Amino acid sequence: MPENFDPVEYINTPRWRSSRLGLDRTRELLAGLGNPQDRLRVVHVAGTNGKGSTCAFLASILQEAGYKVGLFTSPYIIEFADRIRVNGQNIPADDLLDVTLAVREVAEAMPDHPTEFELMTAVAFTYFAREECDICVVEVGLGGRLDSTNVLAAPEVCVITPIALDHTTMLGDTIAAIAGEKAGIVKPGVPVVSAVQTPEAMGVIAARAVEQQAPLTCVDADQIAGTPNDFGYRGWNHLTLGMLGSYQTENAATALEAVRVLRERGWEIPDAAVEVGLATTYWPGRFEILGNDPTFIVDGGHNPQGVQVLIDSLEQRFPQRPVIFVMGVLADKDYPAMVRQLVGYPFTRMFICIEPPNPRALPTEDLAQCAQDALQEQNDQMAREHPLTRPRHEVMIREAKSIPAAVEASLGIAFDLSDPRLVRDSKADPFAWLNGWSRAATYVNPIVVACGSLYSVADITAAYDSLNAGSPAE
């Protein structure tokens, strides 16, 4: 075994990082490894938003039911190995090394070298087969139809979470086109569970299910009740969810419909396993509260739909609390729409720009300019609507030199403004209520919300933990 071989460095080698959709390389690679995917029983999950959370709910429930559960997700949040888990434990370093060496031996003999994600898929399937997992929850990487995970011939159930515009250059620029790609995971006769969808997306999913003679079950939005602290859905009542975002009730409902299908297929999943599994689910970067003095939240929502559910969660859990947003985005996302949403939130008080640790990251100066433009556009609109009072929404926009610096600065500002010696606010704009802003635009006791990209979650969390441990940010 090579002593200097680094499996993470090998898989992440830049020359095969690019996404090249298609299944031929993956099939050839897995064939060389003995087709480990054919020995797996799988829940296959595609969609735009909520994939990771739905996968996490399902894996937790199945583990509580007594099964040995493999979980394959992307991208990694805290460390590379957390993409491949068995019963909640990351693939051990020795196993990652051993399996990656086996994958490399086959990959290096191929005339068309597999991509990074294809290598990861092969590592995951090989590891799960070696571990003799009872069932695996597998998240699609990109799209569905041509994603390397779609070599799975006959999953136990296919799950499609809410579909929205994302990766439009590769998947299409309409909801229908993207839904067609996502619905490509549907296999002949295999049951399908769909989350609540737009009519456009649902039409495509339903048509694909009919074409494949695949029974389709849809989440009933009218049956979703309560909040993450007291959740109910179709006979399940007073459940607690381990994840706090308001949107998690819909993800949990999707997981519950998948549980119903699995039960029909013979899987023994007691109600107690459902209750405990939902309550103990943990998934980093999904409206995750890192601390409460002051309140610091990290959320990986990375498209306009994700930002909207973040705002909904803030309104539900922290109504009318002023917010300091720390945001970093990838340049190929619809970040102007995301910025407009956050700048337009009535309780936004500060907008700190960071740069995610990713080659596709948008520079902080570009993000700051986008925020300035959005704020100016918003205030110009308010001035046109109220020419006499000319109300303004004041948001301080800053660029951070680094993610640790942004975390430290935001916490410092929030801590100072939470000082009990500050007993009231000044009323900078007594006429703000004419435009719908808060009558008392408070700056006291703000919360910090870091958002915009899953790729920033690990660095944000590390910076926060470092400060709590007493080490200065760099």
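In this report, the structure presented in the accompanying data block is examined. (Residues numbered from 1 in each chain as written. Predicted model: local features only at pLDDT ≥ 70, side-chain atom pairs only at ≥ 80, totals over all residues. Heavy atoms only, no water.)

Comments concerning the environment of Leu342
By secondary structure assignment, the location of Leu342 is in helix 12 (residues 335–344). C-alpha of Leu342 to C-alpha of Ala374: the two residues are 32 residues apart in sequence and 9.6 Å apart in space. Setting aside anything within four residues of it in sequence, one finds Leu342 in contact with Val307, Ile311, Phe325, Met327, Thr348, Phe351 and Cys451. (Helix = DSSP H or I, 4+ residues; strand = E, 2+ residues; numbered from the N terminus. Contact = heavy atoms within 4.5 Å.)

Quick look at the sheet that holds strand 8 (residues 216–218)
In space, the eight strands of this open sheet follow the order 4-3-2-5-1-6-7-8, with mixed pairing throughout. At either margin of the open sheet sits one strand with a lone partner, and together these are strand 4 (89–90) and strand 8. One ladder, built from four bridges, connects strand 1 (residues 42–46) with strand 6 (residues 157–160); its direction is parallel. In the sheet register, Ala46 faces strand 6, and the bridge partner there is Ile160. (Pairing = 2+ DSSP bridges.)

Looking at the sheet that holds strand 10 (residues 230–233)
Pairing is antiparallel in the open sheet, where three strands are placed in the order 9-10-11. Because the sheet does not close on itself, it has two edges, and the strands there are strand 9 (224–227) and strand 11 (236–239). Neighbour-to-neighbour, the strand axes of the sheet open up by a mean angle of 5°, direction not taken into account. Note: strand 9 against strand 10, four bridges, orientation antiparallel. In the sheet register, Ile224 faces strand 10, and the bridge partner there is Tyr233. (Axes fitted to C-alpha atoms, helices over the stretch in contact; angles between N-to-C directions.)

Considering the packing of aromatic side chains
For the structure on display, the rule yields seven aromatic pairs. Arranged with centres 5.7 Å apart and planes meeting at 20°, the rings of Phe72 and Phe117 form a pair that is stacked. Of this pair, Phe72 sits in strand 2 (residues 69–72) while Phe117 is found in helix 5 (residues 116–130), placing the two residues 45 residues apart along the sequence. Their ring planes at 40° and their centres at 5.1 Å tell us that Phe296 and Tyr464 sit as a pair that is tilted. Note that Phe296 is positioned in strand 13 (residues 295–298) and Tyr464 in helix 15 (residues 457–468), a separation of 168 residues in sequence. Across this residue pair, the class does not change: Phe296 and Tyr464 are buried. Above the plane of the ring of Tyr443 lies Arg349, whose end atom (NZ or CZ) is 5.1 Å from the centre. (Phe/Tyr/Trp six-rings, centres within 6.5 Å; stacked < 30°, edge-to-face > 60°. Buried < 20%, exposed > 50% of the residue type's maximum accessible area, 1.4 Å probe, protein only. Lys NZ or Arg CZ within 6 Å of the ring centre and 35° of its normal.)

Digging into a negative patch on the surface
Together, Glu355, Glu365, Asp366 and Glu399 line one region of the surface with negative charge. Topologically, Glu355 is positioned in the loop between strand 15 (348–353) and helix 13 (364–385). When its relative accessible area of 42% is taken as the criterion, Glu355 is described as partly exposed. (Patch = residues over 30% accessible without salt bridge, like charges linked within 9 Å, V, L, I, M, F, W, Y side chains within 5 Å. Areas by Shrake-Rupley, 256 points an atom, 1.4 Å probe, with all protein chains shown as cover. Salt bridge = Lys/Arg side-chain N within 4 Å of Asp/Glu carboxyl O. Lys, Arg positive; Asp, Glu negative; His and termini not counted. Charge placed at Lys NZ, Arg CZ, Asp CG, Glu CD.)

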